[in-house]
Amino acid sequence: MSDGKVNPVLPPPSLSVGVIGWIKKNLFPSWFSGVLTVVLGYFIISSLIPFIDWAILKADFIGESPADCTSEGACWVFIGTRLDFFIYGFYPESEHWRVNVIYLIFGLIIVPQFFSAVSARIKMILGVFGVTVFPALSFVMIYGSETFGLPIVGTSVWGGLTLTLILAYVGIVAAIPIGILLALGRRSDMPLVRALCVVFIEFWRGVPLITILFMASVMLPLFLPDGVTFDRLLRALIGITLFQSAYMAEVIRGGLQAIPKGQYEAAEALGLGYWQGMGLIILPQALKIVIPGIVNTLISLFKDTTLVLVIGLFDLLRAVQATIIDPAWRNVATEGYIFAAFVFWVFCYSMSRYSQMLERKLHTGHKR
Amino acid sequence: MSNKVKVVVAGITAVAAMVATGVASASTLETVKQRGSVICGVSDGLPGFSMPDERANWTGIDVDTCRAIAAAVFGDPTKIQFRSLNARERFTALQSGEVDVLSRNTTWTLTRDASLGLNFTGVNYYDGQGFMVRASLGVKSPKELDGATVCIQAGTTTELNLADYFRANGMSYDALVFDTSDQTIQGFAANRCDVLTSDISQLAALRSKLDDPSSAVLLEELISKEPLGPVVRQGDDQWFNVVKWTLKAQINAEELGVTSANVDEMKSSENPEVQRLLGTSGDFGQHIGLSADWAYNIVKGVGNYGEMFERNVGPDTPLGLPRGMNNLWNNGGILYAPPIR
Amino acid sequence: MADKRTTRSGGFARLWNDPTVRARTFQILTALVVVYFFWTIFQNTVANMERRGISTGLGFLSQPSGFGIVMSLIPYNETMSYGRTFWVGLLNTLLVSGLGIVLATIVGFIVGIGRLSKNWLVSTLSAVFVDTFRNIPLLLQIFFWYFAVLRNLPGPRQSMEIGEMFFLNNRGLYLPAPLPEEGMGVVWGVLVLALIGAVLLYRWARKRQEATGQQFPAIRVGIAMVIGLPLVVFLAMGSPMDWDVPELRGFNFRGGIVMIPELGALLLALTVYTAAFIAEIVRSGIQAVSHGQTEASAALGLKRGTTLRLVIIPQAMRVIIPPLTSQYLNLTKNSSLAVAIGYPDLVSVFMGTTLNQTGQAVEIVAITMLVYLTISLTISFLMNIYNKAAALKER
């Protein structure tokens, strides 16, 4: 049939390559898809333009007082003047360096985790440091200690972003071990222990955090013997930790269930006791599987810390709320809330990227 | 001892210090003196009464009242720790000894005075509940508000006063209860409600948050009495006296013309009343467990009542409130302090 | 003597090493600790409340409340009891959670499937939707939607209206309220019968399809039955229904049924926030279905939409349901944030105003927690039943 001549390779039609090709393939692959593109595109452009106009083009960025907000746009000057308060709360200005040191160490622990160039061993060491020595160190630095010549700074002046981070960090570090114990308890052979763990987990998962925090702040003094009081921050921490440990327990239970029975039997066959078998064989595998789940729990914990404002602690959001009512400024509520939303978003988004990274790394399936 | 062990030990001691700070059986004044500072419960953000400023310092009348107490006890108004409390936890915090004095724009009522185990020491601001209405409605009196939607902040006597007032006048209303004063004004600004009700001292501040403050008017008629003042625990008369007379000293100082600027000159005044106040004659301070120059320290550190008012809520502040009822008795107001003698 | 002691200690060692005995001892000790713990708390609480003169008991529930509530599904005014405020709050909570669950599921599925769309704009937008709304605290989102909703609605005097029956303004959506008259019972009866008939028809159609392969448009016919039959009866009975139409009086509309904007804003916020989570669950659920299944159904000649509906989603549901249940629980609990924008839910009305007025914190908080616990357990229970039905049936 053919005369042995090979047709020269033709360039692809111009409609399937280049910008036009990309647009056709990705934006208008079908009739329905094309309509969606047009509608969504209109929606985005029409809502984005006024926002950019207000937030950037017509906004005031530089200045020190309400008088510097002259234009129609956003008044970011307000955020600038209150930035210290939003970060440190009432923490005395002369001692800010102590918090800064902790932020620096925190950054040194966290940032390498995002880079694949850093070896797994170093990440591991940093991680272990982060959950053991670091909390103790932070406590000594932020609360202070006579032994090291750091004046005591009571928890009542802690606030702002620092407080938000403290609540989230302590919550997660304390919730993991309790969560592991609860998860093990729920899978225990002892009926009473199992029942207690189930009741505990379902109780804390079933009630809103608001009610728990309210109970911790207002009702806890009623539960304690006369004269014994708890630090307010500690009360909130206990409430948050117990609440999160119930969620953590369910995440970890998922990991435990995913471990094949053979692993349990192998551990027993080696003559390992319950704790040895769990600690050396089962948990390391189970925890590895559920790391993304743990990070997701951390994200929700981080966002949930905003609820401590119902018990009068000055976390980031409360600090914003307390200052936007300053009568010296015009209505700066929108600016304040956008700022808070942005800060929370940055933290949560990086955490969720991190979790997706881990998920990809640990995934060995047949996904396309 | 290795450094690591040191850290751990320091940590444990500090945690222990955080946990069990029981109410000492000693008198409050002694506890305060031993601690070296007064712990004062304030509101968590109320313009003119207690609010953090740009440098994260507390400012406001309630805050200055606390500072005056610290000045009276220690001669130094900075020897004070503030605890921000919300409406729900304020009384529990005072009862359980978490704070020494509660200065958190708290209305003096019989129930609170009698059945909560608390004692009101006096009034540092006479307030009343008022209404803010959109100017375009042309409403002149709260009696014309039948059927209106009312924006209101949760957790205070304001809610009850409102219900009482509308029921007493046979009117109906929809109450929209918000959690914070900021949300309340935002709701009003967005035209969600016709009326906003709150203590009159707050209404002006809230109105300044509107894009066009002149679009809303404050009704003159008030529907309640709200005497606000510092509160202490029952059963410690010495501390009760200290807090009560700190306030009285500030009022007396204004009456006698003693200000923070002229208090040093006034020390050599011939007026026996001024001498008794500033401790140059007599030992009135000792009677309440303080030093002779207690009132001098208050005026020097915080100022007299008038200065405190002008600085925080007066006409030159964003709140711009007139003295009104909160003027001296001989100046058209109802502030009247018993004499120091 | 000496002999006996050695056996006893030997016996003790044996007992100590016996796992059953150890487990029992441990359990008994745990039980004792738990009982002691709760007993101490109970003792302390009673002692503390007595000393501080805080009144106890549930007697307050029958006292008149004295405050108004802006929205109620049952008749309510301020002369009614605190117990009534509890029911008003509870119903409002159930309303917003129920609607929220339905809406969040719908939006979540759309966005989750959208993330896997071939249209670049759709998949990118879905990803942006998830990454934005999942990572901002719900409280802030509630504020945002509340003021976004309010700013876009006109005042009561400039209401949008449809045929002088439905009014929409920034005080709410006003609908005519039905006032049933004599004979309405018959209509309701026919409706119930039509529902039963539709279910039976659906079953019959499915059985026939399994047996013969013939399809019958059971869903369309069923819907026509459920709507048509009662309507015919309704008209035949001479429309035994009157309407309480809202009208503008003074400041506001009176009469009819009102849906306040707080409900809309809260619903929007809960829907969007939870939908972002559900979308991720749906996406990972769909991706968990082996790609061979898609290819197999393509080989059978099924269209993309049909493949999704009949092959992918039913299999994905097995992965989706357990985390979906958690999201439903979260949504229900998150509805307690309503207090921030003044929607009168259980926490706002009962744990807020009622608590402030009566001061009986222990009873009220306990009741509130118990209610949420009951709702949560009920949702879990229902979802577990569904999960069992959807689980892989190994044959």
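Bear in mind the structure is a predicted one, so any value in this text is a computation, not a measurement.

A. View of the interface of chain C and chain A. Across the contact, 42 residues belong to chain C and 43 residues belong to chain A. Broken down by secondary-structure element, the contributors of at least two residues to the side of chain C that touches chain A are α2 (19–51), α4 (120–133), α5 (138–151), α10 (304–334), α11 (346–358) and α12 (361–390) of chain C. If one sorts the elements of the side of chain C that touches chain A by residue count, α2(C) sits on top with eleven residues. Its residues assigned to classes, the side of chain C that touches chain A shows 25 nonpolar, 13 polar and four charged.

B. Spotlight on the packing of helix α7 (residues 160–186) of chain A against helix α8 (residues 191–206) of chain A. Residues and elements named next belong to chain A. Across the interface, α7 lies against α8 with an axial gap of 7 Å and an inter-helix angle of 130°. In terms of orientation, α7 lies oblique with respect to α8. Considering the relative orientation of α7 and α8, their crossing is left-handed. Taking contact as the criterion, the partners of L182, G185 and R186 in α7 are, on α8, V193, R194, C197, V198, F200 and I201. Of the residues assigned to the contact of α7 with α8, the class counts are six nonpolar, one polar and two charged.

C. Layout of the sheet that holds strand β9 (residues 148–153) of chain B. All names here are of chain B. As summarised here, the arrangement of the five strands in space is β10-β9-β11-β8-β12, forming an open sheet in which the pairing is mixed. Both edges of this open sheet fall to β10 (173–178) and β12 (216–218), since each of them pairs with a single strand only. On average, each strand axis in the sheet is tilted by 25° relative to the strand beside it, whichever way the strands run. One ladder, built from three bridges, connects strand β8 (residues 129–134) with β12; its direction is antiparallel. Among the inter-strand pairings, M132 is bridged to a residue of β12, identified as L218. Contacts from helix α6 (residues 157–168) reach β8, β9, β10 and β11 (195–199) within the one sheet, and its direction differs from that of β9 by about 155°.

D. View of the sheet that holds strand β2 (residues 166–169) of chain C. All names here are of chain C. Pairing is antiparallel across the open sheet formed by four strands, whose spatial order is β1-β2-β3-β8. Of all strands in the sheet, those with a lone pairing partner are β1 (160–162) and β8 (257–259), marking the two edges. Sheet twist, expressed as the average angle between the axes of neighbouring strands with direction ignored, equals 15°. Of the pairings in the sheet, the one linking β2 to strand β3 (residues 172–175) comprises three bridges and is antiparallel in character. Residue pairing for β3: F167 is matched across the bridge by Y174.

E. Broad picture of the pairing of strand β1 (residues 38–43) of chain B. Residues and elements named next belong to chain B. When you tally the buried positions in β1, you get six out of six residues, the bulk of the element. Alignment of β1 against strand β5 (residues 101–102), held across two bridges, turns out to be parallel. Opposite C40, over in β5, you have V101 as the bridge partner.

F. Representation of the domain arrangement of chain B in the model. Considered domain by domain, chain B is made up of domain 1 (21–126 + 228–331) and domain 2 (129–224). Listed as interface residues are eleven residues of domain 1 of chain B and, on the opposing side, seven residues of domain 2 of chain B.

G. Layout of the nonpolar core. Among the nonpolar cores identified, the biggest contains 262 residues, and L213(A), A236(A), V38(B), I69(B), V150(B), I142(C) and L266(C) are the most heavily contacted of them. The biggest single contributor to this core is helix α8 (residues 261–288) of chain C, with 16 residues.

H. Representation of the packing of α8(C) against α10(C) in the model. Residue and element names in this part refer to chain C. Running from N to C, α8 and α10 cross one another at 155°; their axes reach a closest spacing of 8 Å. The pairing of α8 with α10 is recorded here as roughly antiparallel in orientation. Crossing of α8 over α10 shows right-handed handedness. Only I312, A316, V319, I320, P323, L324, Q327, N330, L331 and N334 of α10 make contact with α8, whose side of the interface consists of L270, T274, F277, I278, I281, V282, G285, I286 and A288. Of the residues assigned to the contact of α8 with α10, the class counts are 14 nonpolar, five polar and no charged.

I. Structural context of the UniProt feature "domain: ABC transmembrane type-1" (unreviewed entry) in chain C. Within this numbering scheme, the UniProt entry marks residues 90–383 of chain C as carrying the feature "domain: ABC transmembrane type-1" (unreviewed entry). The span residues 90–383 of chain C shows a helical share of 70% and a strand share of 10%, and its end C-alpha atoms are spaced 21 Å apart.

J. Region of the structure containing the environment of P240(C). Residue and element names in this part refer to chain C. Considering the arrangement of structural elements, one finds P240 in the loop between α7 (218–236) and β5 (241–244). C-alpha separation for the pair P240 and G183, spaced 57 residues apart in sequence, amounts to 6.0 Å. Sequence-distant contacts of P240, that is, excluding residues within four places in its chain, are made with P180, E181, E182, G183 and M184.

K. Representation of the interface of chain B and chain C. Listed by partner, the interface residues are 27 residues for chain B and 27 residues for chain C. Sorting the residues of the side of chain B that touches chain C by element identifies β9, α6, β10 and α7 (181–189) of chain B as the ones contributing at least two each. It is β10(B) that contributes the most residues to the side of chain B that touches chain C, six residues altogether. Residue composition of the side of chain B that touches chain C, by class: ten nonpolar, ten polar and seven charged.

L. Fine view of unusual backbone geometry. Residue and element names in this part refer to chain B. Of note in this structure, A56 is not a glycine but carries a positive phi near 60°. Mapped onto the elements, A56 comes out in the loop between β2 (51–52) and β3 (58–59). Residue class for A56 comes out buried when judged on the 22 C-beta atoms lying within 10 Å of it. In this model, N191 sits at a positive phi of 65°, which is unusual for a non-glycine residue. Relative to the elements of secondary structure, N191 occurs in the loop between α7 and β11. Overall, N191 belongs to the partly exposed group, with 18 C-beta atoms counted inside 10 Å.

So, how was this worked out
Residues numbered from 1 in each chain as written. Chains lettered and ligands numbered in written order. Predicted model: local features only at pLDDT ≥ 70, side-chain atom pairs only at ≥ 80, totals over all residues. Contact = placed C-beta atoms within 7 Å. Helix = DSSP H or I, 4+ residues; strand = E, 2+ residues; numbered from the N terminus. Nonpolar A, V, L, I, M, F, W, Y, C, P; charged D, E, K, R; others polar. Axes fitted to C-alpha atoms, helices over the stretch in contact; angles between N-to-C directions. Parallel < 35°, antiparallel > 145°, perpendicular 65-115°, else oblique. Left-handed = near helix turned anticlockwise from the far one by under 90°. Pairing = 2+ DSSP bridges. Buried ≥ 20, exposed ≤ 12 C-beta atoms within 10 Å, placed from the backbone. Domains from an automatic or database assignment. Core = buried A, V, L, I, M, F, W, Y, C linked by C-beta atoms within 7 Å. UniProt positions renumbered as here; feature names shortened; annotations may be inferred.

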